[in-house]
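Per-entry structural report
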Amino acid sequence: MAAFAATAGGLLRLRAAGSEGQWRRLRGAGLLRGLLQPESATGVAAQRRRVAHFTFQPDPEPREYGQTQKMNLFQAITSALDNSLAKDPTAVIFGEDVAFGGVFRCTVGLRDKYGKDRVFNTPLCEQGIVGFGIGIAVTGATAIAEIQFADYIFPAFDQIVNEAAKYRYRSGDLFNCGSLTIRAPWGCVGHGALYHSQSPEAFFAHCPGIKVVVPRSPFQAKGLLLSCIEDKNPCIFFEPKILYRAAVEQVPVEPYNVPLSQAEVIQEGSDVTLVAWGTQVHVIREVAAMAQEKLGVSCEVIDLRTILPWDVDTVCKSVIKTGRLLISHEAPLTGGFASEISSTVQRSRAIQRAVTGRHPVCRVPSTLPDA
Amino acid sequence: MGSSCPRPPGPKALRLRLGCPLLCLLQKQLPRRQEQQHFPSLDDKPQFPGASAEFIDKLEFIQPNVISGIPVYRVMDRQGQIINPSEDPHLPQEKVLKFYRSMTLLNTMDRILYESQRQGRISFYMTNYGEEGTHVGSAAALDNTDLVFGQYREAGVLMYRDYPLELFMAQCYGNVSDLGKGRQMPVHYGCRERHFVTISSPLATQIPQAVGAAYAAKRANANRVVICYFGEGAASEGDAHAGFNFAATLECPIIFFCRNNGYAISTPTSEQYRGDGIAARGPGYGIMSIRVDGNDVFAVYNATKEARRRAVAENQPFLIEAMTYRIGHHSTSDDSSAYRSVDEVNYWDKQDHPISRLRHYLQSRGWWDDEQEKAWRKQSRKKVMEAFEQAERKPKPSPSLLFSDVYQEMPAQLRKQQEALARHLQTYGEHYPLDHFEK
């Protein structure tokens, strides 16, 4: 079994769109067209800003949660926060610029609706924001902290790793900060460069005691965020910023939960397992379509959803079926979360073989993984 | 040039500097609404949103005042006599005796546990010598339900709240009676019942947390204050700055209690800060601040009492810098003779000790005498030794507790690791001191 980890850039690059916001649907033939699209009437090639291209694939409208409404990702987040503040009188939302609605509009309207003691700005200090949030949670109240960009979460790393993650364990369960949730915009947006594009989930994956969650869509985001807020452990919820406006779906108006630590097989297949989370799920969905069409390869596509604790069983079960694993993430390759998945899956199969003493049920190519 | 333009509203400075043509251009660009705004007294006062102050036309840097800094509030002199009778809190005898017993019992426990580390019975210990007044004076001024966030040298607060010796010992020994389940190094106490949040080793991390807890208490109309203890060294951490700023801007009912004991391990205050200590930082954040004699238990009591009353009534933070001296080493891993003189230490031990000063006060009132002192010393030592011997005999918690409480529920991966350890111990258990641990 070969496991292959790749960054977004390493995968088949899809045809670049013109400027951000002008998505063109990929068709097989389109792949071979040039990256530059002549636009102007004079025939002179007008250089447009090239951005990595993907197409958000909405899921079918959910039927089991009541009335739905068309929402983009940030509206789905607002809806989840609205639901939370409505049913939990202790819940508060705080961070930089959340009062006026937030730099990504995730908290629009909430201060007017719930009051300035519940939705408020803090000074510009991430270590303070998270420390403050831990303190609220220690008293049992629900704390929803916003870090303006995941790139700026690092000043709070000590509070997250040394304090939040260890609060329950070190106190012998006398104290905990389980009612803390930290939200942060995450991932590539095209123009974000070094400091508005990071995906730091791998740093936190190494930290037992917290949960790390990344949604791929508005429907997933609302359900997962509600689960994080209600979860009795401190959670970090990374929101793919490029999807804030680009991803639009029917999302239930009422609260509902999407379970944590459960990966979702969003497409079944037999030849290779593709694993991703967040924005990259849509990329690998397109890859799966292309692979089927061009190579006749049947891909099983898994959205991991929760990075920590991650759903080892679903991924292993899939790899046992297909015999091949490819994991793709935007974050850097070395020490990226794909390494953890890859090594765990390989170890687990080895145990399988040792226990059963039988040939593995899928092919085991001789090449070593590239990860 | 100027006559064709209507007289513009706007600052005099702008008119003088830009000249009319540019101003006319600006006026054309400005939306109607802004043109109609008037700033009548612009000539007299600065209008910056960031500061409320007068103009000055003399170039002058503000000199930080460290020669004659914020004064030190005290009630008793070094001989335990009340200086200004109107500041005497007139506490009843029983209460003051409780102060004394708490401080001396702590001192006795410190001596025995320090020794026990030296003898290899516990792994590590930190004494509170010289700072007992800061703990007990402040703890006595709080309500029992006020939430305490400490650093690591506040055991007297727990002692005052009647935390049993058995539990102090249990945590230091990491035995089965430890409420913390034996997971942390000694002196990392915690007690939910007594509203004392479990100590953690990283410094100053408790400061913004205490602020959050205070905010939640305010929202809950709990009439509770949160008190947050830290040393002058920890006050250099970014978390301290964060905590102060958040407490002020978010109007939190919190008492920041800084134990300025002169040293952060080996680092003297001259290498820790250059300003006038920690109290002088308070006003920079908009925080009411005071400096007190930390070795004067009544000064500590009075300041904390008043801070508590106002913090809860007015929802604002208070900063108390309690000046004191760390008579003991930083910990059992430290030998402070490497960086300070024995004479210096002896001065504080003999001439300005919170326990001695309170004893003199008690004796001058006729509330204590040498015979009671002798009897109490014997009794407190006996109590400590009994608890100590009991703690020694108890086993350590089960190894399976390595994996619980990481999360509220145990995730599958941790359960697998727990099972793997159990299998490992079944096969190789003879190589581990399993006899000392519960099954």
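Residues numbered from 1 in each chain as written. Chains lettered and ligands numbered in written order. Predicted model: local features only at pLDDT ≥ 70, side-chain atom pairs only at ≥ 80, totals over all residues. Heavy atoms only, no water.

Scanning chain A from terminus to terminus reveals 11 helices and 14 strands. Scored against the burial criterion, the 371 residues of chain A give a buried share of 58%. Taking the contacts inside chain A whose residues are at least 6 apart along the sequence as the reference set, 82% of them involve residues at least 24 apart. When the accessible area of chain A is evaluated, it comes to approximately 15100 Å², of which 54% is carbon and sulfur surface. (Helix = DSSP H or I, 4+ residues; strand = E, 2+ residues; numbered from the N terminus. Buried < 20%, exposed > 50% of the residue type's maximum accessible area, 1.4 Å probe, protein only. Contact = heavy atoms within 4.5 Å. Areas by Shrake-Rupley, 256 points an atom, 1.4 Å probe, with all protein chains shown as cover.)

Residue and element names in this part refer to chain A. If you check helix α7 (residues 218-230), its first and last C-alpha atoms are 18 Å apart, about what 13 residues at 1.5 Å a residue would give, namely 18 Å. Across the 13 residues that make up α7, a large majority, 12, are buried. For α7, every residue scored as buried is listed here: Pro-218, Phe-219, Gln-220, Ala-221, Lys-222, Gly-223, Leu-224, Leu-225, Leu-226, Ser-227, Cys-228 and Ile-229. (Expected span 1.5 Å × (residues − 1).)

Moving on: the sheet that holds strand β8 (residues 235-240) of chain A. All names here are of chain A. An order of β4-β3-β5-β6-β8-β7-β13 is seen for the seven strands of this open sheet, with the pairing classed as mixed. Each of the sheet's edge strands pairs with one partner strand only, and the pair in question is β4 (119-121) and β13 (306-308). Between one strand axis and the next, the sheet turns by 20° as a mean value, whatever way the strands run. Pairing analysis gives four bridges linking strand β5 (residues 143-146) to strand β6 (residues 180-186), with the strands arranged parallel. Paired with Ala-143 across the two strands is Leu-180, which belongs to β6. (Pairing = 2+ DSSP bridges. Axes fitted to C-alpha atoms, helices over the stretch in contact; angles between N-to-C directions.)

Let us now look at the packing of helix α4 (residues 93-118) of chain B against helix α14 (residues 370-393) of chain B. Residue and element names in this part refer to chain B. Taken N-terminus to C-terminus, the directions of α4 and α14 make an angle of 50°; their axes are 9 Å apart at the nearest point. Here α4 lies oblique to α14, going by the angle between them. Considering only the axes of α4 and α14, their crossing is right-handed. On α14, the residues that touch Tyr-100, Arg-101, Thr-104, Leu-105, Thr-108, Met-109, Ile-112, Leu-113 and Ser-116 of α4 are Glu-373, Trp-376, Ser-380, Arg-381, Lys-383, Val-384, Met-385 and Phe-388. Tallied by class, residues from the contact of α4 with α14 come to nine nonpolar, four polar and four charged. (Parallel < 35°, antiparallel > 145°, perpendicular 65-115°, else oblique. Left-handed = near helix turned anticlockwise from the far one by under 90°. Nonpolar A, V, L, I, M, F, W, Y, C, P; charged D, E, K, R; others polar.)

Residues and elements named next belong to chain A. Of the residues in chain A, 80% have a pLDDT of 70 or more, and the chain-wide mean is 86. In the model, residues 8-40 has pLDDT below 50 throughout and makes 62 contacts with residues more than four positions away in sequence or in other chains. Counting interchain partners and residues more than four positions distant, the pLDDT-below-50 stretch residues 357-371 has 26 contacts. (pLDDT = per-residue confidence, 0-100.)

Residue and element names in this part refer to chain A. Domain annotation for chain A reports domain 1 (68-252) and domain 2 (264-356). Of note, the centres of domain 1 and domain 2, computed from C-alpha atoms alone, are 27 Å apart. Between domain 1 and domain 2, the contact holds 22 residues from the first and 19 residues from the second. Around 1600 Å² of area is buried between domain 1 and domain 2 when both sides are counted, 58% of it from carbon and sulfur atoms. Applying the counting criterion to the domain 1 and domain 2 interface returns two salt bridges. Between Arg-216 and Glu-264 there is a salt bridge, with the nearest N and O atoms lying 3.1 Å from each other. Inspection of the domain 1/domain 2 interface yields 10 residue pairs in polar contact (both at pLDDT 80 or more). Every element with two or more residues in the side of domain 1 that touches domain 2 is listed here: α6 (201-205), β7 (211-213) and α7. Broken down by element, the residue count for the side of domain 1 that touches domain 2 peaks at four residues, all from α6. Residue composition of the side of domain 1 that touches domain 2, grouped by class: 15 nonpolar, four polar and three charged. (Domains from an automatic or database assignment. Buried area = accessible area lost by both parts, 1.4 Å probe. Salt bridge = Lys/Arg side-chain N within 4 Å of Asp/Glu carboxyl O. Polar contact = N/O pair within 3.5 Å; in protein donor to acceptor, adjacent residues only side chain to side chain.)

Where strands meet in a sheet, backbone hydrogen bonds hold them as pairs that are either parallel or antiparallel. All names here are of chain B. Ordered by their spatial adjacency, six strands build an open sheet running β1-β7-β8-β4-β3-β2, and the pairing between neighbours is parallel. Bordering the open sheet on either side are β1 (72-73) and β2 (147-149), each of which pairs with just one other strand. As paired strands, β2 and strand β3 (residues 226-231) are joined by three bridges and run parallel to one another. Each residue of the ladder has a partner; that of Phe-149, found in β3, is Cys-228. Contacting β2, β3 and β4 (254-260), helix α8 (residues 206-219) runs over the sheet at an angle of about 170° to β3.

Let us look at the interface of chain A and chain B. The interface of chain A with chain B comprises 48 residues on the first partner and 42 residues on the second. For the chain A and chain B pair, buried surface summed over both sides reaches about 3600 Å², with 60% attributable to carbon and sulfur atoms. Across the pair Lys416(B) and Asp313(A) runs a salt bridge whose closest N-O atoms are separated by 4.0 Å. Sorting the residues of the side of chain A that touches chain B by element identifies β4, α3 (126-138), α4 (157-163), α5 (167-170) and α10 (312-322) of chain A as the ones contributing at least two each.

A few words on the nonpolar core. One broad trend across soluble globular proteins is that nonpolar side chains are buried collectively. Counting 92 residues, the largest nonpolar core has Ile341(A), Phe230(B) and Phe256(B) as the members making the most contacts within it. Two domains each donate at least three residues to this core, and these are domain 1 (68-252) and domain 2 (264-356) of chain A. In terms of nonpolar packing, the next biggest core, distinct from the first, is built from 76 residues, Ala140(B), Ala303(B), Tyr325(B) and Ala387(B) among them. (Core = buried A, V, L, I, M, F, W, Y, C linked by side-chain atoms within 4.5 Å.)

Here Gly190(A) lies in the loop between β6 and α6. A sequence separation of 83 residues divides Gly190(A) from Thr107(A), and the C-alpha atoms of the two residues are 23 Å apart.

Residue and element names in this part refer to chain B. Per-chain confidence: chain B averages 92 in pLDDT, with 90% of residues scoring 70 or above. Note that residues 1-20 has pLDDT below 50 and, in this model, 19 contacts with residues that lie over four places away or in other chains. Across the predicted assembly, pTM comes out at 0.88 and ipTM at 0.90.

In this section: the side chain of Thr344(A). Residue and element names in this part refer to chain A. Within the secondary structure, Thr-344 sits in helix α11 (residues 337-356). With relative accessibility at 7%, the residue Thr-344 sits in the buried group. Looking at Thr-344, its side chain comes within polar contact range of the main-chain oxygen of Glu-340, at 2.8 Å. When residues no more than four places from it in sequence are discounted, the contact partners of Thr-344 are Trp-310 and Val-312.

What follows is about the pairing of strand β7 (residues 288-293) of chain B. Residues and elements named next belong to chain B. The sheet contact formed by β1 and β7 spans two bridges and is parallel. From the neighbouring strand, Tyr-73 faces β7, where its bridge partner is Val-292. Taken together, β7, helix α11 (residues 297-314) and strand β8 (residues 318-323) constitute a β-α-β crossover, and its handedness is right-handed. (Right-handed = clockwise from strand over helix to strand, strands pointing away.)

Residue and element names in this part refer to chain A. Here Glu-330 lies in the loop between β14 (324-329) and α11. Here Glu-330 occupies a buried position and makes no salt bridge, while the nearest side chain of opposite charge, Lys-241, is found at 7.1 Å. A distance of 2.7 Å separates a polar side-chain atom of Glu-330 from the backbone nitrogen of Cys-188. (Lys, Arg positive; Asp, Glu negative; His and termini not counted.)

Here the focus is the pairing of strand β3 (residues 92-95) of chain A. Residues and elements named next belong to chain A. Alternating positions in β3 separate into two faces, Val-92 and Phe-94 on one and Ile-93 and Gly-95 on the other, with burial throughout. Judged from the four bridges that link them, β3 and β5 form a sheet pairing that is parallel. From the neighbouring strand, Ile-93 faces β5, where its bridge partner is Ile-144. With three bridges joining them, β3 and β4 adopt parallel strand pairing. By the bridge assignment, Phe-94 is partnered in β4 with Phe-120.

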